[in-house]
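Chain by chain, the residues run as shown.
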Amino acid sequence: MAIRIPWTKYEVALLIDACVTFGSTQSTRTEAIKELSKTLRKLAIKNNIEIDDIYRNENGITMQFNIMQSLLCNK
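Residues numbered from 1 in each chain as written. Predicted model: local features only at pLDDT ≥ 70, side-chain atom pairs only at ≥ 80, totals over all residues. Heavy atoms only, no water.

Novice: So what's going on with the environment of Gly 60? Residues and values would help.
Specialist: Along the polypeptide, Gly 60 turns up in helix H3 (residues 58–72). Given the relative accessible area of 27%, Gly 60 is considered partly exposed. Sequence separation between Gly 60 and Ile 33 is 27 residues; the distance between their C-alpha atoms is 9.6 Å. (Helix = DSSP H or I, 4+ residues; strand = E, 2+ residues; numbered from the N terminus. Buried < 20%, exposed > 50% of the residue type's maximum accessible area, 1.4 Å probe, protein only.)

Right, here's the structure in full:
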């Protein structure tokens, strides 16, 4: 079973930013999720966190993206 690493406040801020700005830019939702996944993985490596293929991958980011969009839109 994979170890769950809680999101930091900085990661959450990046998620919120991606949710808010993806519609106002020319990037699609898929591109925003892919870019956020890359950014979060690079951030973890920079902070000496050992990551695997699952860590902040696009599937997980998609789930978090959906949750955050629901919260931001009061759904």
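Text resumes after the structure shown.
Novice: I'd like a rundown of the pattern of salt bridges, residues and numbers included.
Specialist: In total, this model carries one salt bridge according to the counting rule given. The salt bridge involving Arg 56 is made with Glu 11; its shortest N-O contact spans 3.0 Å. Linking Arg 56 in the loop between helix H2 (29–46) and H3 with Glu 11 in helix H1 (residues 9–21), this pair joins segments that are 45 residues apart in sequence. Residue classification places Arg 56 among the buried positions, given a relative accessible area of 10%. On the accessibility criterion, Glu 11 (3% relative accessible area) is buried. (Salt bridge = Lys/Arg side-chain N within 4 Å of Asp/Glu carboxyl O.)

Novice: Pulling in residues and values, what's your account of the side chain of Ser 37?
Specialist: In this structure, Ser 37 sits in helix H2. Engagement of the side chain of Ser 37 in a polar contact is seen with the backbone oxygen of Arg 56, the distance being 2.6 Å. Discounting residues that sit within four places of it in the chain, Ser 37 has contacts with Arg 56, Asn 57, Glu 58 and Ile 61. (Polar contact = N/O pair within 3.5 Å; in protein donor to acceptor, adjacent residues only side chain to side chain. Contact = heavy atoms within 4.5 Å.)

Novice: Can you explain the state of the cysteines? Please cite residues and give values.
Specialist: The full count for this structure, using the stated rule, is zero disulfides. Residue Cys 19 stays outside any disulfide, its sulfur separated by 8.7 Å from that of Cys 73, the closest cysteine. Residue class for Cys 19 comes out buried when judged on its relative accessible area of 7%. (Disulfide = S-S within 2.5 Å.)

Novice: Residue-level account of the packing of aromatic side chains, with values.
Specialist: Per the stated rule, a full pass over the model turns up one aromatic pair. Centroid distance Phe 22 to Phe 65: 5.5 Å. Interplanar angle 65 degrees. Geometry classified as edge-to-face. Of this pair, Phe 22 sits in the loop between H1 and H2 while Phe 65 sits in helix H3, placing them 43 residues apart in sequence. The buried category is assigned to Phe 22, whose relative accessible area is 18%. (Phe/Tyr/Trp six-rings, centres within 6.5 Å; stacked < 30°, edge-to-face > 60°.)

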